[in-house]
Amino acid sequence: MERWLALDLASTIRHDGDGGVTDDLATVRDTALWIHDQGELPGGAAPSGELVVDENLRLAVIEVRRAVRALFARAVSPAPPSPADAHRLMPADRAIAHLNTVAAREPVAPQLVWPLEGAPTARLLSAQDDLSIRLVAQLARAAIDFLSGPRHGELRACTAPRCVRYFVKSHGRQEWCKPSCGNRARAARHYSRQRTDGAAGTALP
């Protein structure tokens, strides 16, 4: 299954299962766990375990997430954005400037890798020694790659009740981020129709 780091970052704000919203980056420990779950740094340049995750890094990652979610909201327009932060989105021009600025903090150069057996490939060599700066820059670059790539036009905000996720459509008729959201949305529609029909049936002449 195809994954996008920018989408994973945006999805650290999610429905908590009890009608509210939870933040997977709410604490330094939460942030460290999320980074660890990503495996190596996005560019594969250094293991995430070598990172020192502190409050400054947590806030830097959150600021990239704010920019990503603001631009995701722009990408799905004129459809409504995720309700989790629709009322407090970073302005789009500021979000673009932030991603560009942060991505530029890690100078990189392409390097050719060609084993004796196998096809040639390319990897990026970083000139940035600070792993915290490198991580945040690579998160920003992943967002730039996604938003400028061919799949950004298939980005959607899930409209199921209580869901706050963004997702990329995997087929033409997909309306929700996952089957459970589809079941919940259909149940809500059914309940709404029953209430409407019941109200119409009890209306006085």
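Each remark here, short or long, concerns the structure printed above.
Bear in mind the structure is a predicted one, so any value in this text is a computation, not a measurement.

Our next topic: the overall build of the chain. A tally of regular secondary structure across the chain gives 6 helices and 6 strands. Along the chain, helices and strands appear, N-terminal first, in the series α-β-β-α-α-α-β-β-α-β-β-α. Sorting the 205 residues of the chain into buried and exposed places 36% on the buried side. Within the chain, residue pairs in contact and separated by at least 24 positions form 55% of the contacts whose partners lie at least 6 positions apart.

Moving on: the nonpolar core. The biggest cluster of nonpolar side chains holds 40 residues, and the ones touching the most others in it are Phe72 and Leu99. Among the elements that make up this core, the one with the highest residue count is helix α3 (residues 55-76) (11 residues). Excluding anything up to four places from it in sequence, Leu99 contacts Val64, Ala67, Val68, Leu71, Ala140, Ala143, Ile144 and Leu147. In terms of nonpolar packing, the next biggest core, distinct from the first, is built from 7 residues, Cys163, Phe167, Trp176 and Cys181 among them.

Our focus in this paragraph is helix α5 (residues 131-147). Owing to its 3.6 residues per turn, the α-helix aligns residues three or four sequence positions apart on the same side. Its 17 residues place the ends of α5 24 Å apart at the C-alpha level, agreeing with the 24 Å of an ideal helix rising 1.5 Å per residue. Burial of α5 is extensive: 13 of the 17 residues sit out of reach of the surface. The N-cap of α5, judged by a side-chain oxygen 2.9 Å from the amide nitrogen of Ser132 a few residues on, is Asp130.

In this section: the packing of helix α4 (residues 92-103) against α5. Where α4 contacts α5, the axes come no closer than 8 Å and their chain directions differ by 125°. Regarding the angle of α4 to α5, the classification is oblique. Between α4 and α5 lies a crossing of left-handed hand. Only Val136, Ala137, Ala140, Arg141, Ala143, Ile144 and Leu147 of α5 make contact with α4, whose side of the interface consists of Leu99, Asn100, Val102 and Ala103. Of the residues in the contact of α4 with α5, the class split is 9 nonpolar, 1 polar and 1 charged.

With that out of the way, let us pick up the packing of aromatic side chains. Applying the stated criterion across every chain, the model contains 3 aromatic pairs. On the basis of an interplanar angle of 65° and a centroid distance of 6.0 Å, the ring pair of Trp4 and Phe146 is categorised as edge-to-face. With Trp4 in the segment before α1 (5-10) and Phe146 in helix α5, this pair connects stretches of sequence that are 142 residues apart. Of the two residues examined, Trp4 and Phe146, each falls in the buried class.

What follows is about unusual backbone geometry. A cis amide bond, omega 15°, links Ser77 with the succeeding residue Pro78. With respect to the helices and strands, the residue Pro78 is situated in the loop between α3 and α4.

Relative to the helices and strands, Ser126 is located in strand β4 (residues 121-126). Residue Ser126 is classed as buried on the basis of its relative accessible area, which comes to 19%. Polar contacts involving the side chain of Ser126 include one to the side chain of Glu106, which spans 2.8 Å. Side-chain polar atoms of Ser126 contact the backbone nitrogen of Gln128, separated by 3.0 Å.

What counts, and at which threshold
- Residues numbered from 1 in each chain as written.
- Predicted model: local features only at pLDDT ≥ 70, side-chain atom pairs only at ≥ 80, totals over all residues.
- Heavy atoms only, no water.
- Helix = DSSP H or I, 4+ residues; strand = E, 2+ residues; numbered from the N terminus.
- Buried < 20%, exposed > 50% of the residue type's maximum accessible area, 1.4 Å probe, protein only.
- Contact = heavy atoms within 4.5 Å.
- Core = buried A, V, L, I, M, F, W, Y, C linked by side-chain atoms within 4.5 Å.
- Expected span 1.5 Å × (residues − 1).
- Polar contact = N/O pair within 3.5 Å; in protein donor to acceptor, adjacent residues only side chain to side chain.
- Axes fitted to C-alpha atoms, helices over the stretch in contact; angles between N-to-C directions.
- Parallel < 35°, antiparallel > 145°, perpendicular 65-115°, else oblique.
- Left-handed = near helix turned anticlockwise from the far one by under 90°.
- Nonpolar A, V, L, I, M, F, W, Y, C, P; charged D, E, K, R; others polar.
- Phe/Tyr/Trp six-rings, centres within 6.5 Å; stacked < 30°, edge-to-face > 60°.

Treat this as a map of the structure, not an account of what it does.
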